[in-house]
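What follows is each chain in one-letter form.
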Amino acid sequence: MHIPDGFLATPVWAAAGAVSVPGVAYCARRAHAVLEEGRIPLMGVMGAFVFAAQMINFPVGVGTSGHLVGGALLAMTLGPASACLVMTAILTVQALLFQDGGVLALGANVLNMALAGVFAGYLPFQLWGGGSRRKLAIWLGGFFSVFVSASLAMTELLLSGIPIPTGVALLSLVLFAISGAMEGAITVAALDALGRLNPSWVRTSQTAGKGGYGALWVGAVLLACVGILIASPLPDGLEKLAESLGIAGRASNLFKSPLSDYEASFVSAAWLRKALAGLAGLLATYLVCLAAGRMIAKRGSKA
Amino acid sequence: MSLKYAVIDRWSQGQSVFHRLDARMKMTALLVYLLSIATLKPVRAPEMIAFGVLILIGMTLSALPIGGFLLRGAVVLPFTGTFAAISAFGGQTDFAVGLVAKSYLSALGVLLLAATTPMPALLHAAQWLKVPRVLLLVIQFLYRYLFILVEQAGRMRQAALCRGSALSKRSRGERMSSAAGMLSVLFARSYERAEGIQRAMLSRGFHGQIPLLTNPAARLKDWAFALCAVAATLAIRLGGRL
């Protein structure tokens, strides 16, 4: 589910950007540390592979066919950090060239599909991929990669005040689960075939058999998604919530007080307040990114 | 299928006034434009029409096929239309119209940049805006091999059809495993191609940086464009709200 521009409220896309920019920067560092610089072509070509793989139809479901989405498959072959980077590249190309997802919404789409989707898809494989329940782990990975990212996208839309009735939201949860199950089946079949061609392409998970912790983790991921989704049919999204909590009032006071000596009426104009809030949000995003980038760079140079 | 991917690449090779503008200026103007639309709330008709006129001016300057251009931008409409229909059913017709207008105008703006700027220039502009270099390199390789691999997948599918893959009455399990086999072969070919590329590039002295052949410098014309575009966008964005 690629969110186009024009859907997300400013606080939502700015916050998503503030999470995904340092997240991708961290993954770029990790991928860099694991792979030497010369492996960059591999990541690019594998991104192109995901595009091409969408031409292959898998007979899943009744009379329908689906195609690979790819997040979990990439994570289980290239590793989660590289997979995140490749997915980010895919999403950027889709947004710029194919209008599949917006440019301002790119931060949200990267958060949903490249960060949350890839890591949720890798988690079961990391936990149980080495044991006897390997196939189930791979299927769960495929399932989560789609289900988590679609639920997150839905949550962001709800937080932005897109009016989606609760019934529709629940119905789409079911649809997400179905497409997640399809992705799981495709991922299992594809990894099986890949392992037969060249076993070294599929990563081996070192930690096998941490059943209890694993179930807890997976349960937490699932609950987080469904929980947010169920909690979020607020009447008008974030802004209504802020209003009811009194944040909006406090924010406007904050903006008014330093300028109250002159042109207080000017600042109280709704559009300017909104613009100022937007700018402040952007500035905060930028500062967070800058600080996180510095920190990651420092740690990277030490390692 | 591959044609669908290639059409913007072909458009971006044009020679119009708009094509020749500096990519960094175009990208900056696009960001201001997108921000102006994204922060617009509630949506009013005159502002949307004015933004539409801006896009039309850009489109005329870029000499792109108008019908094809408007149609390509419409790929966002199925997604937007679904949500617009839901909110229209809920009685919020204004909101629905605003949603469609905002997302379609945003998509057209992005398309205008992508259809008038070749990929290397686009990436150079992104680097100028401090997008991480590793990500840009991955995007560059992705784009370079996108067409090749999509065509390869198309050939593989054609070959499978020629061998009667659509005719045979096989069980779902068999069809599933044959699709998985195709996918893994495509993976193998991509992987091997990538390794070959990597060796070739290392032997040519690649160390993680691809130098630009031309070093574009922003001319007076480019600055004038950026100034006009940003001023017009901001005038529309702020004009009605004062």
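Keep in mind that this is a model prediction, so the values were computed, not measured.

1. Considerations on the pattern of salt bridges
All names here are of chain B.
- For the structure on display, the rule yields 3 salt bridges over all chains.
- We note a salt bridge from aspartate 22 to arginine 24, for which the minimum N-O separation is 3.0 Å.
- Among the residues examined, aspartate 22 registers a relative accessible area of 6% and is labelled buried.
- Aspartate 222 is paired through a salt bridge with arginine 219; the nearest N and O atoms lie 3.1 Å apart.

2. Let's talk about the side chain of B:Thr80
- Turning to its location among the elements, B:Thr80 is positioned in helix α5 (residues 77-89).
- Within the structure, B:Thr80 has its side chain in polar contact with the side chain of B:Ser103 (distance 3.0 Å).
- Every residue in contact with B:Thr80, bar those within four places of it in the chain, is listed here: A:Pro4, A:Phe7, B:Leu99, B:Val100 and B:Ser103.

3. Observations concerning the interface of chain B and chain A
- On the chain A side, the residues contacting the 72 residues of chain B number 70 residues.
- Together chain B and chain A conceal approximately 6,600 Å² of surface at their shared face, both sides included; 80% is due to carbon and sulfur atoms.
- Our count for the contact surface shared by chain B and chain A stands at 0 salt bridges.
- The element contributing the most residues to the side of chain B that touches chain A is helix α9 (residues 172-203) of chain B, with 21 residues.
- A per-class count over the side of chain B that touches chain A returns 50 nonpolar, 13 polar and 9 charged.

How each quantity is defined
Residues numbered from 1 in each chain as written. Chains lettered and ligands numbered in written order. Predicted model: local features only at pLDDT ≥ 70, side-chain atom pairs only at ≥ 80, totals over all residues. Heavy atoms only, no water. Salt bridge = Lys/Arg side-chain N within 4 Å of Asp/Glu carboxyl O. Buried < 20%, exposed > 50% of the residue type's maximum accessible area, 1.4 Å probe, protein only. Helix = DSSP H or I, 4+ residues; strand = E, 2+ residues; numbered from the N terminus. Polar contact = N/O pair within 3.5 Å; in protein donor to acceptor, adjacent residues only side chain to side chain. Contact = heavy atoms within 4.5 Å. Buried area = accessible area lost by both parts, 1.4 Å probe. Nonpolar A, V, L, I, M, F, W, Y, C, P; charged D, E, K, R; others polar.

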